[in-house]
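Structure assessment
One letter stands for each residue in the lines below.
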Amino acid sequence: MLQVLIVDDEPTHIWGLIRHIPWDKLGFADPLTAKSGEDALSILQAHFIDVLITDISMPGMNGIELAASAKSLYQNIQILIISGYNEFEFAQEAIEIGVQGYMLKPLKLAEIKHRLTSFRQTLENIRQINEQTFQFQSMMSDSLHLLKESFISELLEDEPLEVDTLFSWCRLLHLPEQNVEIQLVIASLDGYATIGQDPNRRLMLSSALMQSVKVSLQDKSHVLVSKLKPDEVVAIMVNPEVDEKSSLEKQMRFVQNFMKNTHQATVTICISREGNNWNEVQQLFRESRYTITDARQSGTGLIVYVGTEERKIYEDFQQRENLLPSLLALADRDDSDQLVEAVRQVFKELNIQAQSFAYIQSISIGLLGDLSRKPWHDTEAIIYQSKRAWHRLLECTTVEELEEVVLEYIETTFSLARKERTLQQHHLINRIVAYLEDQVSVNVTVKQLADMFYLSAGHLRVLFKKEMGLTISDFVKNLRMKKAKQLLQDPTIKIYEVAERVGFQTPAYFTYQFKKNEGYTPQEYRDRYYR
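Residues numbered from 1 in each chain as written. Predicted model: local features only at pLDDT ≥ 70, side-chain atom pairs only at ≥ 80, totals over all residues. Heavy atoms only, no water.

**Some points on the packing of aromatic side chains**
Inspection of every chain in the model, using the stated rule, returns 13 aromatic pairs. With centroids separated by 5.0 Å and ring planes inclined at 65°, the aromatic side chains of Phe48 and Tyr74 adopt a geometry described as edge-to-face. On the criterion of sequence distance, the pair formed by Phe48 in the loop between helix 2 (37–46) and strand 3 (51–55) and Tyr74 in the loop between helix 3 (63–73) and strand 4 (78–83) is long-range, its members being 26 residues apart. Each ring, one from Tyr520 and one from Tyr525, has its centre 6.1 Å from the other, and the planes form 15°; the classification is stacked. (Phe/Tyr/Trp six-rings, centres within 6.5 Å; stacked < 30°, edge-to-face > 60°. Helix = DSSP H or I, 4+ residues; strand = E, 2+ residues; numbered from the N terminus.)

Have a look at this one:
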């Protein structure tokens, strides 16, 4: 049965709940009780508690603080906060720390029963999820082919596997961890996109390709086979023997003949170069896939290899594909120094590779064109700089001149864009600050504020913190405290009126926040001021 802890500094409230709630029928054991937050915390540390019911206002540790401590001890604990204060702010703090329920006194037994039933169902759902997750993990352990496919998928992720993770996979699959020789085979159905919409035909071809590759390689010592897409199967051979490598093409011919004779489908197959470690799998895969694409320009149903020439072709292609996006990513970070250094390094590497002037000029023009299309370059001065640099690139006759033009363009336009952006952001934040100061008594969310000024909430948070050095919530809190202290200096203004004027719905929550922020209550502050 589930265990409940009830916390309230009023014993009559505790015993009222114990007597009038049918705990056993609701699936709960007799509740444990505590009269303070400190006593409750000791019980939480000594007993496993499923549900915490606590009053919010208690001497010492209050209900909000106790709930936060309980959440740090038990991630899935269900918490019901009971309060005598009819105000939104306390409920908001309770929600922020993960409290599931918030009720106002006087309590209604039917509602408490409903809450407890809901808590029990939630905890039961969590238990079932955990059990099913464990069963799934057990099933995965018993399913070797699924494990192998998962391993291949992780090997082909953009980020290489951590050493510990890689070795764990190898031990799980009884594969060598180091000193490995790796060779890939990719089998890809030709014209799969034009097969038609018949799902039976598509499933049959996909399954037949997978099974034919598996069967053809079943005599290999260590082979991992996975279907990456419906029309593509990859096989990884680990430490293949000499005779296994020599028979590989024959076995791949079997796959092609089977698919053609049985299913009237052609398959293009690529056999990679040999790699020397697990983290090279991704590179081997990309080279092989590109080689297949390139080979299909000459025909289909081929068996191709990744040799020195094919690898160089792929590396040139990869350089062109990766070069501009990587530089543009630096541009998006608004770090011109880092971008300038990266561009210098690119020109240096292109010179070392002895790339042609035309190739380097095309990259320079492409980079300048992509930079000029950035939204923050849409100003008259920067448009002029872009046109001027474009003409200069076309007139260059040496690589050194190209580099000089590109670097000068980056430094000039970034400086102009940064000044324009800073000025616009400064004016915008000043408008927002003026609005907050004028509307200090109004509760407005960051989302509502962002909508008013046509920004996303996330972008507004970043801009505001950068300009003001504070988050919006901290700025508003400081603004309200500053305004409150000014109003408290006037003894004719009652404290509840001060609370209303600075945006608090009740004097109780105003007192709570003022003491939390200033160290003493509003009345104590007023007394100190007039002492």
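On we go.
**Things to note about the pairing of strand 8 (residues 232–238)**
Among the seven residues in strand 8, seven count as buried, and that is most of the element. Of the two faces of strand 8, the one holding Glu232, Val234, Ile236 and Val238 and the one holding Val233, Ala235 and Met237 are both buried throughout. In the sheet, strand 6 (residues 182–189) pairs with strand 8 via seven bridges, with the strands oriented antiparallel. Considered in strand 8, the bridge of Ala187 is made with Val233. Adjacent in sequence and paired antiparallel, strand 7 (residues 223–229) and strand 8 are bridged by two residues. (Buried < 20%, exposed > 50% of the residue type's maximum accessible area, 1.4 Å probe, protein only. Pairing = 2+ DSSP bridges.)

**With respect to unusual backbone geometry**
A cis geometry characterises the amide bond from Lys105 onward to Pro106, with omega recorded as 0°. Within the secondary structure, Pro106 sits in the loop between strand 5 (101–104) and helix 5 (109–142). At Gln264, a residue that is not glycine, the phi angle is positive and equals roughly 50°. Here Gln264 shows up in the loop between helix 10 (248–263) and strand 9 (267–275). At Tyr454, a residue that is not glycine, the phi angle is positive and equals roughly 60°.

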